[in-house]
Amino acid sequence: MTPTTDNNRIIIFDTTLRDGEQSPGASMDLEEKLKIAQLLEEMGVDVIEAGFPIASNGDFEAVRHIATTLKTAVVCGLSRAARGDIERCAEAIAPAPRRRIHTFISTSPLHMKYKLQMTADQVYERVQDSVRHARSFTDDVEWSAEDGSRTEPDFLCRCVEAAIRAGARTINIPDTVGYAIPDEFGAVIAMLFNRVPNLDQAVLSVHCHNDLGLAVANALAAVQAGARQVECTINGLGERAGNAALEEIVMALRTRFDHLPFTTGVKTEMITRASKLVSVLTGFPVQPNKAIVGANAFAHEAGIHQDGLLKHAATYEIMTPESVGLSQSKIVLGKHSGRHAFREKVRALGYELGDNALEEAFRRFKALADKKKEVFEEDLAALVDDELAQGTPGEERLRFSLLEVVCGSRQPTADLELVIDGVTRRVRATGNGPVDAIFIAIRTLFPHEAHLSLYQVHAVTQGTDAQAEVTVRLEDGGRSVNGCCADTDTLVASARAYVNALNRVLVRREKTAPAALSA
Ligand code: KIV
Ligand code: ZN
């Protein structure tokens, strides 16, 4: 059944790659966006907003690449209500078998007066013109009333009716600044159903921001009032305090089907994997007590709770960890496990690796199994994510070779060896701490202008022999680039994550400005 023929089916519109990427510091490169888009499609997300093609050539290329690759999900591009924007967006999404143009303009008095400096009549004309123009490229056009929740009801109704008459199939009402309160927002949606005569010809959508922590509550109130598309992001990523979190919307609908009798097409068992991928690639950690995907979301500390759980899981668990793809930390393989078992386990975790990547991941797994008594599923996932996050061999100018660190109460020293453009080079550097010494050593061997804006460590599993997953973010020419690495040695992971980020900076520079190649 297609989402629009079943009245209780909620269309999940993911905007992690567009609104999510607008979070300061969350920018992703083309390969990273493609990886997320593919996972979202596999997960059953209906519409994937892949970017804002007019914003930059990088955005355009990413949307185009995603449009070329995805097969089943609708690929959507955002555009302002301007002809040039719409044409660029249409060009970017053209290769997708299912494609949507999402065009928007502000409709609130505040935005029209100060941001657009346009009268309501001018905005009204622009709504119709932009939707008609978008319809000349695709039948699937979405129109958004930016700052919709603060728009005069009469004007909102007029614009919605006009947008549908001009050909919009989806009408989106954003709570752009996260100002709405659930019952009030639900009433706006109900008002539209009561007053807009042609609303039955479109799907009503909502897009809620989380400035007051109410994005999910507002979106669910809108669903109860008749909205059938929800715009959301993995981990609630997005402008300022973020958007409604996809995992919270989907699991609220699944868990409280008794009260909210709506379905989605999302395979909820893939939620944890999607959350981890987005967190690793953006360098945005998930707070431990975050609903659904936080590290503590299914942890029970209090003895009284544990006792209840042992007697009956439902005493303290409203959904199972398995339903979001979280399995008990299982020891999966040991150092005697062979290639075949490794390949099967990697597949069972949902990864498809090419022969070379699989061979390299297997080599690293053996090394890990030598160091670590027990290799858990999380270790394998971190190792494979890490392998996938490494640059294409041959594109990397820098390769990590060796590291020795002396640290303690005396001056920390890092002895580092890198292979740079095929030549082995070594240096000893001191710093304020071991990580500082390592990063100074890298900058000494390969001077560069990119500066460090984030250094983050997270333990993959529990115990002192756990792998450390390190994210390093470098800022270069106004863009940020993340490098990641997992290793049982936090300092080795730190050095490799920095080298990984630096290689990405160099690849990006090579692609955008050949003249700026030297560091
Ligand atoms: O928050 C907002 O209003 C938006 C629109 C472009 C849909 O992101
Ligand atoms: Zn938004």
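Along each chain, residue indices are assigned from 1 in the same order as the chain's sequence is written. The order in which chains are written sets their letters, starting at A; the order in which ligands are written sets their numbers, starting at 1. Residues qualify for local features only when their pLDDT is at least 70, as the model is predicted, and side-chain atom pairs are given and counted only at 80 or more; totals for whole chains, interfaces and linings, by contrast, use all residues. Processing note: side-chain calculations cover all non-hydrogen atoms of the structure and skip hydrogens and water entirely.

Attention shifts here to the environment of Val-507. Assignment of secondary structure puts Val-507 in helix α16 (residues 490-512). Partly exposed residues are those whose accessible area sits between 20% and 50% of the maximum for their type, while under 20% is buried and over 50% is exposed, using a 1.4 Å probe and protein chains only. Classification of Val-507 as buried rests on a relative accessible area of 15%. Sequence-wise, Val-507 and Arg-397 are 110 residues apart; in three dimensions their C-alpha atoms are separated by 8.7 Å. Strands here are runs of E lasting at least two residues and helices are runs of H or I lasting at least four, both read from the DSSP assignment and numbered beginning at the N terminus.

Relative to each other, helix α3 (residues 83-93) and helix α5 (residues 120-135) sit at 25°, their axes nearing to 10 Å. Judged on the interaxial angle alone, α5 and α3 are roughly parallel. When the axes of α3 and α5 are compared, the crossing they make is right-handed. Of the residues in α5, those touching α3 at Arg-83, Ile-86 and Glu-87 are Asp-129, Ser-130, His-133 and Ala-134. For helices, the axis comes from a line fit to the C-alpha atoms of the stretch in contact; other axes are also lines fit to C-alpha atoms, and the angle between any two N-to-C directions lies between 0 and 180 degrees. Orientation is classified from the angle alone, with under 35 degrees giving roughly parallel, over 145 giving roughly antiparallel, 65 to 115 giving roughly perpendicular, and any other angle giving oblique. The hand of a helix crossing depends on one turn: near helix anticlockwise from the far one by less than a right angle means left-handed, and clockwise means right-handed. Residues are treated as being in contact if the distance between any of their heavy atoms lies within 4.5 Å.

With that settled, the discussion passes to the sheet that holds strand β16 (residues 479-487). DSSP-based pairing: two strands are paired if at least 2 bridges between them are found. Overall, antiparallel pairing links the 3 strands, which are arranged β14-β15-β16 in an open sheet. In the strand order of this sheet, the two ends are held by β14 (451-459) and β16, each with one partner. Strand-to-strand twist in this sheet, taken as the mean axis angle between neighbours without regard to direction, amounts to 15°. Alignment of strand β15 (residues 468-476) against β16, held across 9 bridges, turns out to be antiparallel. Counted as the bridge partner of Val-470 is Cys-485 from β16.

Right, let's talk about the pattern of salt bridges for a bit. One speaks of a salt bridge when a side-chain nitrogen belonging to Lys or Arg is within 4 Å of a carboxyl oxygen belonging to Asp or Glu. One pass over the full model with this rule turns up 30 salt bridges. Between Asp-46 and Arg-9 there is a salt bridge, with its nearest N and O atoms 3.0 Å apart. Here the residue Asp-46 occupies a position in the loop between α1 (30-43) and β2 (47-51), and Arg-9 occupies one in the segment before β1 (11-14), the gap between them amounting to 37 residues. Arg-9 carries the same exposure label as Asp-46, and that label is buried. Between Asp-421 and Arg-397 there is a salt bridge whose closest N-O contact spans 3.0 Å. Of this pair, Asp-421 sits in the loop between β12 (413-420) and β13 (423-430) while Arg-397 is found in the loop between α14 (377-389) and β11 (398-406), placing the two residues 24 residues apart along the sequence. Residue Asp-421 is classed as partly exposed on the basis of its relative accessible area of 48%. Residues participating in the shared-partner salt-bridge network are Glu-404, Asp-415, Glu-417, Arg-426 and Arg-428.

This brings us to the nonpolar core. What makes a nonpolar core is a set of buried Ala, Val, Leu, Ile, Met, Phe, Trp, Tyr and Cys residues whose side-chain atoms join them at distances within 4.5 Å. One finds Trp-143, Val-160, Ile-171 and Leu-192 to be the most contacted residues of the largest nonpolar core, which totals 95 residues. Core analysis: the next-biggest nonpolar cluster, separate from the first, contains 34 residues, Val-481, Ala-493, Tyr-498 and Val-505 among them.

The next thing to look at is the domain arrangement of the chain. For every domain, the bounds stem from an assignment made automatically or drawn from a database. For the chain, the assigned domains are domain 1 (11-282), domain 2 (329-389) and domain 3 (398-510). Buried area: the sum, over both parts, of the accessible surface (1.4 Å probe) that disappears when the two are put together. For the pairing of domain 1 and domain 2, the buried interface totals around 420 Å² over both sides, and the portion due to carbon and sulfur atoms is 50%. On the domain 1 side of the contact with domain 2, Lys-35, Arg-273 and Lys-276 bury the most area, a combined 73% of that side's loss. At the junction of domain 1 with domain 2, the criterion picks out 0 salt bridges. Throughout this description, a polar contact denotes any pair of N or O atoms lying within 3.5 Å of each other; where both atoms belong to protein, one of them has to be capable of donating a hydrogen while the other can accept it, and for residues adjacent in sequence the pair is counted only when both atoms sit in side chains. One can count 0 residue pairs in polar contact (both at pLDDT 80 or more) joining domain 1 with domain 2. Broken down by element, the side of domain 1 that touches domain 2 gets its largest block of residues, 3 residues, from helix α10 (residues 271-282).

Glancing now at the site of ligand 1. Inspection of the region around ligand 1 gives Arg-18, Asp-19, His-102, Phe-104, Ser-144, Glu-146, Asn-172, Pro-174, Thr-176, His-207 and His-209 as its neighbouring residues. Within the side chain of Arg-18, an N or O atom sits 3.0 Å from an oxygen atom of ligand 1. Within the contact set of ligand 1, an oxygen atom lies 3.0 Å away from a side-chain nitrogen or oxygen of Asp-19. Residue assignment for the shell around ligand 1 shows that the elements contributing at least two residues are β4 (99-106), β5 (141-146) and β6 (170-175). Amino acid classes used here: Ala, Val, Leu, Ile, Met, Phe, Trp, Tyr, Cys and Pro are nonpolar; Asp, Glu, Lys and Arg are charged; the rest, including Gly, are polar. Along the lines of polarity and charge, the residues of the shell around ligand 1 split into 2 nonpolar, 6 polar and 3 charged. Whether a residue is near a molecule or strand is decided by its heavy atoms; if any one of them lies within 4 Å of it, the residue is near.

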